[in-house]
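Here is what each chain is made of, one letter per residue.
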Amino acid sequence: MFDLERVSVAYGAARVLKGISLRIREGEKAVIIGPSGAGKSTLLKKLYELRQAQCAFIHQDYALVAQLSAFHNVYIGRLDQHSTTHNLLNLLKPQKAELSQITPIFRAIGMEEKMFARVSTLSGGQQQRVAVGRAIYRRSSIILGDEPVSAIDPHQAGGLLELIKSSADTVILAMHDVQLALAAFPRVIGLREGRVFLDLPSEEVGEDTLADLYRRS
Ligand code: ADP
Ligand code: MG
């Protein structure tokens, strides 16, 4: 699915990914962890570039249209897969067929009563749920997510992660909550200063390894 061999990425003169080699097979569920600035977001964007057509991407800043309803923001997940007429009709008045597909997604993200609320009136956590809903509605074989549960209450984040994992065949997320990441994902990729510092089954990631990954340089 992804086969990176010594991939480097630079912003101007600053090298951010320094020779990343990584193979991710179809059907894998993997999480990327590591200190802030290690290159997690850059790596996710690189993965997206490589398989754009098959990917739904959950942005760290949600990337929602604030003036539109939550429903329409989820609908946007498949805008490119419908005709302009179909899209205009749904923009004016959500059609039965779309409602029957999108309502269960709102139920799953725990937002059914906010389906027609304008996104600008929602809390950060609610907006993040809508961003997750949009990615699910896209029904891609791959979901990539950049800290997709960062604004969700800790006791609800696990459930949302399970939903994301069950919504696509291959799922790769970046996360900053390490304990949550280890509990939810079988494979952990640790980035440090633009390099793969560890790539292990989550049960093999010990406290010492984590301390090393996150140590100050
Ligand atoms: P992480 O997601 O692990 O926090 P990022 O991939 O966002 O790391 O960033 C890695 C490094 O690249 C950081 O030092 C960051 O400042 C830098 N960086 C990220 N995006 C840009 C950009 N658009 N232009 C220049 N530098 C960037
Ligand atoms: Mg990041």
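Up top is the structure.
Now for a description of the structure that goes with this document. No experiment lies behind these values; they were computed from the predicted model shown.

Some words on the overall build of the chain
Now for step 1: A count of helical and extended segments in the chain gives eight helices and eight strands.
Now for step 2: Seen along its three principal axes, the alpha-carbon backbone of the chain occupies a region of about 55 × 35 × 30 Å.
Now for step 3: In the chain, the proportion of contacts linking residues at least 24 apart, taken out of those at least 6 apart, comes to 64%.
Now for step 4: When the accessible surface of the chain is totalled, it reaches about 10700 Å², and 50% of it is carbon and sulfur.
Now for step 5: Looking at the chain, you have 26 positive and 23 negative side-chain charges, and the mean spots of the two groups are 6 Å apart.

What about the site of ligand 1?
Now for step 1: Inspection of the region around ligand 1 gives Tyr11, Val16, Pro35, Ser36, Gly37, Ala38, Gly39, Lys40, Ser41 and Thr42 as its neighbouring residues.
Now for step 2: One nitrogen or oxygen atom from the side chain of Lys40 is found 2.8 Å from an oxygen atom belonging to ligand 1.
Now for step 3: When the free accessible area of ligand 1 is taken as 560 Å², the share hidden by the protein chains comes to 54%.
Now for step 4: Element by element, the count of residues in the shell around ligand 1 is highest for helix α1 (residues 40-50), at three residues.
Now for step 5: A per-class count over the shell around ligand 1 returns four nonpolar, five polar and one charged.

Observations concerning the sheet that holds strand β8 (residues 195-201)
Now for step 1: Overall, mixed pairing links the six strands, which are arranged β4-β5-β6-β3-β7-β8 in an open sheet. On the outer flanks of this sheet lie β4 (55-58) and β8, each paired with one strand and no other. Between one strand axis and the next, the sheet turns through 15° on average, direction left out of account.
Now for step 2: Sheet topology note: the strand β7 (residues 187-192)/β8 ladder contains six bridges and is antiparallel. Directly across from Ile189, in β8, lies its bridge partner Asp199.
Now for step 3: Here helix α6 (residues 154-166) sits on the sheet in contact with β3 (29-33), β4, β5 (142-146) and β6 (170-174), set at roughly 140° to β6.

With respect to the pairing of β4
Now for step 1: Residues Cys55 and Phe57 line one face of β4 and the alternating positions Ala56 and Ile58 line the opposite face, and both faces are buried.
Now for step 2: Strand direction decides the pairing type here: β4 and β5, joined by four bridges, are parallel. Following the sheet pairing, Phe57 is matched in β5 by Leu144.

Some words on the packing of aromatic side chains
Now for step 1: Within this structure, the stated rule accounts for three aromatic pairs.
Now for step 2: Ring centres of Phe71 and Tyr75 lie 6.5 Å apart, and the angle between their planes is 15°; this geometry places the pair in the stacked category. One end of the pair, Phe71, and the other, Tyr75, are both in helix α2 (residues 70-75), four residues apart, so they sit about a helical turn from each other.
Now for step 3: An aromatic cluster of three or more residues is present, and its members are Phe71, Tyr75 and Phe116.
Now for step 4: Of note, Arg78 hangs over the ring of Tyr137, and the distance from its end group to the ring centre comes to 5.4 Å.

Brief notes about the pattern of salt bridges
Now for step 1: Applying the stated criterion across every chain yields a total of 11 salt bridges.
Now for step 2: Note that Asp3 is salt-bridged to Arg23, the shortest N-O span being 3.2 Å. Here Asp3, found in strand β1 (residues 2-11), pairs with Arg23, found in strand β2 (residues 14-24); they are 20 residues apart in sequence, far enough to count as distant.
Now for step 3: Notably, a salt bridge pairs Asp212 with Arg215, separated by 3.9 Å at the nearest N-O pair.
Now for step 4: Since its relative accessible area comes to 39%, Asp212 is described here as partly exposed.
Now for step 5: The network of salt bridges with common partners includes Arg25, Glu28, Arg187 and Asp199.

The rules behind each value
- Residues numbered from 1 in each chain as written.
- Chains lettered and ligands numbered in written order.
- Predicted model: local features only at pLDDT ≥ 70, side-chain atom pairs only at ≥ 80, totals over all residues.
- Heavy atoms only, no water.
- Helix = DSSP H or I, 4+ residues; strand = E, 2+ residues; numbered from the N terminus.
- Contact = heavy atoms within 4.5 Å.
- Areas by Shrake-Rupley, 256 points an atom, 1.4 Å probe, with all protein chains shown as cover.
- Lys, Arg positive; Asp, Glu negative; His and termini not counted.
- Charge placed at Lys NZ, Arg CZ, Asp CG, Glu CD.
- Near = heavy atom within 4 Å.
- Polar contact = N/O pair within 3.5 Å; in protein donor to acceptor, adjacent residues only side chain to side chain.
- Nonpolar A, V, L, I, M, F, W, Y, C, P; charged D, E, K, R; others polar.
- Pairing = 2+ DSSP bridges.
- Axes fitted to C-alpha atoms, helices over the stretch in contact; angles between N-to-C directions.
- Buried < 20%, exposed > 50% of the residue type's maximum accessible area, 1.4 Å probe, protein only.
- Phe/Tyr/Trp six-rings, centres within 6.5 Å; stacked < 30°, edge-to-face > 60°.
- Lys NZ or Arg CZ within 6 Å of the ring centre and 35° of its normal.
- Salt bridge = Lys/Arg side-chain N within 4 Å of Asp/Glu carboxyl O.

None of the figures reported here should be taken as evidence of function without further support.
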